[in-house]
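# Reading the structure
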Amino acid sequence: MAENKFENAVIDKLESEGWTYRKDFSNKTTKVLYEHWREILNQNNAPKLAGSVLSDNEFHQLLIELNKNKTAYDAQLMLAGAGGIGTLPLIRDDGTSLEIEIFFGDEVAGGHSQYEVVSQVTFDELPFTLSSKRRIDLMLLISGLPVVHIEEKDETLQNQWSAFEQFQKYHSDGMYSGLFSFVQIQFILSQHSAHYFARPKDATSEAYNKDFVFGWRDKNGKDVTDTMKFIHEVMGIPALHRLATVNMIPDASNDNLMVMRSYQIQATREILERMKQMDNNNLIEREGGYVWHTTGSGKTVTSFKVAQLLASMPKVKHVLFIVDRVDLIKQTCDNFKSFAYTTFEQRIKIVNGRQIKGILKNNISSHIYLITVQGLDKAIKSGLKSDKRMVILMDEAHRSANGEAVKRIKDGLSKTTWFGFTGTPNFYSDEINDVKTSKNISTHDIFGPRLHRYTIKDAIGDGNVLGFDVTYYESQFEIDSASKMTEQQLEKEVYTSLPYRQAVVKDIVDHWQENASGPIEMGVRKQNQFQAIFAVSGKQATVAYYNLFKKMAPDLRVTMTYSREENNEEGSSDLQEALKKAIETYSKFYNTREFMDDKNPEGAYLDDLTRRISRRKPYNRNNDKDRLDLVIVSDQLLTGFDSKYVNIIYLDKILKEGMLIQAMSRTNRTINKNAKPHGKVRFFRKGKLMEDNVKHALIIYTKGGNDTVQDAKKQPSLKEQQNLFDDDVLATKVATKIETIQPDIKRLQGLSGEDFSQIPASEKARVEFVVLASKVNNSTQQLVQQGYELGSQVNQLDKDGRETGEKISLAIKNVEELSALQARLNDVNELLPLEKKIDLTKIKIALQAYANEIIDYDRLVELLNNYIDETIPKNRKQVEEHVTAMDDNNRNEIGEILNGIEDGTYQEHFNTESLKEARKMIRSANEELQIRRWSADKNFNGNYIFEAYEKYLPGFALNDNPKLNEELQKIEEKEKIGFFETADFEDELMDFFNSLYSNKI
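Source: prediction; values computed, not measured.

### A few points about a negative patch on the surface
Residues Asp574, Glu577, Glu584, Glu594 and Asp597 make up a contiguous surface patch of negative charge. Note that glutamate 594 resides in the loop between α24 (572-590) and α25 (601-613). Judged by its relative accessible area of 46%, glutamate 594 falls in the partly exposed class.

### Examining the packing of helix α31 (residues 763-785) against helix α32 (residues 815-831)
Remark: α31 packs on α32, axes separated minimally by 9 Å, with the N-to-C direction vectors making an angle of 145 degrees. With respect to the hand of their crossing, α31 and α32 are arranged in left-handed fashion. Contacts from Arg766, Phe769, Val770, Ala773, Ser774, Val776, Asn777, Thr780 and Gln781 in α31 reach Leu818, Leu821, Gln822, Arg824, Leu825, Val828, Asn829 and Leu831 in α32. The residue makeup of the contact of α31 with α32, split by class, is nine nonpolar, six polar and two charged.

### Structural notes on the packing of aromatic side chains
Tallying each qualifying case throughout the model produces 39 aromatic pairs. Aromatic rings pair up to connect Trp934, Phe940, Tyr949, Tyr952, Phe985, Phe992 and Phe993 into one cluster. Taking the ring centre of tyrosine 545 as reference, the NZ or CZ of arginine 501 above it sits at 5.4 Å. Here the basic side chain of arginine 685 rests over the ring of tyrosine 495, its NZ or CZ set 3.9 Å away from the ring centre.

### A word on the sheet that holds strand β20 (residues 468-472)
Read from one edge to the other, the open sheet built from six strands follows the order β20-β27-β26-β23-β25-β24, with strand pairing classed as parallel. Two strands bound the open sheet, and with one partner strand each, they are β20 and β24 (558-561). Between one strand axis and the next, the sheet turns through 20 degrees on average, direction left out of account. Here β24 runs beside strand β25 (residues 630-633); their pairing, made up of four bridges, is parallel. Bridge pairing links valine 558 to leucine 630 in β25.

### Side note on the pairing of strand β3 (residues 97-104)
Across the eight residues of β3, six count as buried, placing the element largely inside the fold. Count of turn residues in the strand β2 (residues 85-91)/β3 antiparallel hairpin: five residues, of which glycine 95 carries a positive phi of about 95 degrees.

### Here we look at unusual backbone geometry
Geometrically, the link from isoleucine 237 to proline 238 is a cis peptide bond, its omega value of 20 degrees lying close to zero. Along the chain, the position of proline 238 falls in the loop between α7 (227-235) and α8 (239-243). For the peptide bond that leads from lysine 617 to proline 618, omega is 5 degrees, which places it in the cis range. The phi dihedral of glutamine 120 falls on the positive side, at around 50 degrees, and the residue is not glycine. In the Ramachandran plot, asparagine 528 falls in the positive-phi region, its phi being about 55 degrees despite a non-glycine side chain. Position of asparagine 528 relative to the elements: it lies in the loop between β22 (524-525) and β23 (531-536).

### Let's talk about the pattern of salt bridges
One pass over the full model with this rule turns up 42 salt bridges. Between aspartate 24 and arginine 22 there is a salt bridge; the shortest N-O distance is 2.8 Å. Exposure remark for aspartate 24: the relative accessible area of 39% places this residue in the partly exposed category. Linking glutamate 893 and arginine 919 is a salt bridge whose minimum nitrogen-to-oxygen distance equals 2.9 Å. Taken together, the positions of glutamate 893 in helix α35 (residues 888-902) and arginine 919 in helix α36 (residues 912-938) put the pair 26 residues apart, joining distant regions of the chain. With respect to class, glutamate 893 is no different from arginine 919; both count as buried.

### A word on the environment of histidine 171
With respect to the element layout, histidine 171 can be found in helix α6 (residues 162-173). Using a relative accessible area of 12% as the deciding quantity, one classes histidine 171 as buried. On a C-alpha basis, the gap between histidine 171 and proline 200 in space is 9.0 Å, while along the polypeptide they are 29 residues apart. Setting aside chain neighbours within four positions, we find histidine 171 in contact with Tyr176, Arg199, Pro200, Lys201, Asp202, Ala203 and Tyr208. Here the side chain of histidine 171 touches tyrosine 208 through a polar contact of 2.8 Å, side chain to side chain.

### Considerations on the confidence of the model for the protein chain
Overall, the predicted model of the protein chain reaches an average pLDDT of 83, with 87% of residues at or above 70. Of the regions scoring below 50 in pLDDT, residues 429-439 engages in 32 contacts with residues more than four places distant in sequence or in other chains. For the stretch residues 842-856, pLDDT sits under 50, and the model shows 40 contacts to residues farther than four places along the chain or on other chains.

### Quick word on the sheet that holds strand β14 (residues 318-323)
Hydrogen bonding along the main chain pairs the strands of a sheet, whether they run parallel or antiparallel. The strand order across the open sheet built from seven strands is β15-β16-β14-β17-β18-β13-β19, with neighbouring strands paired in parallel fashion. Two strands in the sheet have a free side with no partner beyond their single neighbour: β15 (348-350) and β19 (450-454). Across this sheet, the average inter-strand angle for adjacent strands is 20 degrees, counted without regard to direction. As judged from the three bridges shared by β15 and strand β16 (residues 368-372), these two strands associate in the parallel manner. Bridged to isoleucine 348 within β16 is isoleucine 368. Of the strands in this sheet, β14, β15, β16 and β17 (390-394) touch helix α13 (residues 353-361), which is tilted by about 145 degrees from β16.

### Describing helix α23 (residues 539-552)
Each α-helix turn comprises 3.6 residues. Residues three or four places apart therefore point the same way. Taking 1.5 Å as the rise per residue, α23 with 14 residues should run 20 Å; its terminal C-alpha atoms sit 20 Å apart, in good agreement. Buried residues of α23: Lys539, Ala541, Thr542, Val543, Tyr545, Tyr546, Leu548 and Phe549, and no others.

### A few points about the packing of α23 against α24
Direction vectors running N to C along α23 and α24 enclose 40 degrees, while the axes themselves pass 10 Å from each other. With respect to their mutual orientation, α23 and α24 come out oblique. Helix-helix and strand crossings are classified by hand; for α23 and α24 the assignment is left-handed. Mapping the contact onto sequence places Lys539, Gln540, Val543, Tyr546 and Lys550 in α23 and Leu575, Gln576, Ala578, Ala582 and Thr585 in α24. Residue composition of the contact of α23 with α24, grouped by class: five nonpolar, three polar and two charged.

Calculation notes
- Residues numbered from 1 in each chain as written.
- Predicted model: local features only at pLDDT ≥ 70, side-chain atom pairs only at ≥ 80, totals over all residues.
- Heavy atoms only, no water.
- Patch = residues over 30% accessible without salt bridge, like charges linked within 9 Å, V, L, I, M, F, W, Y side chains within 5 Å.
- Areas by Shrake-Rupley, 256 points an atom, 1.4 Å probe, with all protein chains shown as cover.
- Salt bridge = Lys/Arg side-chain N within 4 Å of Asp/Glu carboxyl O.
- Lys, Arg positive; Asp, Glu negative; His and termini not counted.
- Charge placed at Lys NZ, Arg CZ, Asp CG, Glu CD.
- Helix = DSSP H or I, 4+ residues; strand = E, 2+ residues; numbered from the N terminus.
- Buried < 20%, exposed > 50% of the residue type's maximum accessible area, 1.4 Å probe, protein only.
- Axes fitted to C-alpha atoms, helices over the stretch in contact; angles between N-to-C directions.
- Left-handed = near helix turned anticlockwise from the far one by under 90°.
- Contact = heavy atoms within 4.5 Å.
- Nonpolar A, V, L, I, M, F, W, Y, C, P; charged D, E, K, R; others polar.
- Phe/Tyr/Trp six-rings, centres within 6.5 Å; stacked < 30°, edge-to-face > 60°.
- Lys NZ or Arg CZ within 6 Å of the ring centre and 35° of its normal.
- Pairing = 2+ DSSP bridges.
- Polar contact = N/O pair within 3.5 Å; in protein donor to acceptor, adjacent residues only side chain to side chain.
- pLDDT = per-residue confidence, 0-100.
- Expected span 1.5 Å × (residues − 1).
- Parallel < 35°, antiparallel > 145°, perpendicular 65-115°, else oblique.

In structure tokens:
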């Protein structure tokens, strides 16, 4: 579909969704939009202006205020204003002061807000470019302010992701200043692809990060790739107005702007709708519902936005946000405050049980209070009762909601509705035993219906978290003892024995560098780039392993932690003394303050070590002296702790279902894919059992949980287990990955020699080399991170994943060969012209561009020209083999060009543009032929049907396309189609047009 036709279709769809197309402001320069905004300001502020419109001097003052917006974050704060109305200060020519209203965040689809679309606006005064002008595709204006910038790409002709670089170029040119500083969201649209992202704070490659470009999932979790459906769900009114206001998160911690993902928006909407239903029915239900969003999917952002919106509801007195651990409450509060507008920040507070009793006695404005479940339960036990309308939001709801505590709190706060957030809900299964609730209690029982779900499979598919690379050990100790010992005897005689624990420590230490190191760069693999967690079976084990590491690996920086809340064991006083000594050793080594002098020494120590292992302030200076390598834990840090620098968890304990997924998920936060392609998990105890537990748990938390006791008894099928690999939940086996890479290595050796020492001669070959070399380098780095040693052999696998007995080895045999490839990659990339250089940090985009521009066109042009020069079967076969990966329609087009070469239609050499034009002409001719054949089969005049197709818009029903509807009425009259036959005619014709469009793209 040509871009202009696609743009017209987008505009028509936007008009049907509540926008007004301003043709009079389109195909003009930015000057007209400034004048238009001035008119809207005069109109919306007429009472304040008292009949005297803004003078040139006054309007100039307002423009000076706009120039204070340096980032989209600044603009968002200006839009939000106070009380939902954005304003600008103005001193009038007569000396009076006014606040000019510029944006009405709360007036969605009504009031003063106007919704307009403009197209092809020219920027002719950009400050940071030598180009005389830039022309954009579309902008969406709310109250005259351009809050959305849209770029469209015809996916049949070019890579739609080039729009991403286009936005970055516009940004570096200085486009987003003045009036256009208000652009909050950027959209990339093509026929079968639609994405959006918050405008980054600057034009650097770090800010323009494709990881923060989002697609859309519908409420059932299905990807929305049809652009017309995407426009309906995301860009209509009121959806877009809410996206640009309610669904934006200003992050004060780095002056950045975030936009919520589809699942966050939908979950927020479901909770608000649930509250509105209760308000409308004058009914208060205690069980509001729960949100199941997998670990690492941004629950903090979602829960904050929900808390903020609920606290703003007229009937809600307060929102109590319950955190189950003291060590998380300050971190959560800091996050909440960084996400809040200045006017709301003071309404977010941490309280204890005594304070909350006093607060609920007073009639103060609505707040968000953060409190532990233990603190609130303690207040209830000491007599707290309140019938004020409140909402409780519970974080980590799978473990926070102890049955007895919840019952007491619900009885004491009689008009409080509960909503839960969890990454691993409690279902009817043995997992319940691990969270201190009865077997007959589920998350559903405590919180009510599941309101929204976003599973680990969804998050991996979206690139929000990583899958897992899992290794299972079956120790010789277990093998030798399994047949003659009970579980209790194994625990006592094997797992607590010194030889067993020494073997575990030795394995961790022996493989430390391969697990903790970063990628190989120019022959050097940088050490100690990642940290680890070691989870063991109790406090005694924590101390024992800590002491062993101190003896066996004195150079490794190891500490330990456990909390008083964890189950007491024999020798509690000794355990407390051991923790005290570990804290003192830690303080001395890192030269921190004396934590034992704090009121809460364990909490202060835990806060410091979690900051250190996640490299948060003040340990974010990339100073190796701050590094902590390994933390040994029993239960702490296995939930609620996030660090992208933790890439491996070792486990010497048995876990299952929700707690198992929580522990594994400590490793799956995203960072550079070369350095960390997966989160690593190593099980030292009962490998065969843990392999079953992992597969079972992952299936539960990818496809859905055990809603009944009977569901919990079902064992996963082999197909479900294989899907874990197919869906990237579990890492691809090393042998399979090697087989995938080998053909690309062979091609690279053909381009640059067996040892990668030669620079390809032609520009075309250099582009191919750079892209393929980047791909191979990335894949090889990921293999190394999985533990593969270059030059070693691994067992080959058949299609069912079984070992064949044969060996396979990567064609890059050692670090020297990989270094040679990397050196040549950089050399060749530097030799390319600027417009063809590849950003090696964004290789995924480069590969997409390469697949389209190099394989489909440059190579294809070369082969077709060979066939023109020498029309022999061998050359035709080369073309046909090259286009094998294309779909039928594209292959047929190339087939017609081959036939045209044979019959003399094409005698001049092609270039990429002339090939595209030839394909367009074939497409149009084929399209017309199909229309005339269809018309002849149906006995209609082909000219009439062809004219109707010119008015067809993809994605639009007939009733939404008045121009086509009118044309069909003319045809029905000319063809004398009877009244009762018109419906069949229109349905058949629309089906035919839809099929034509689908084939065309």
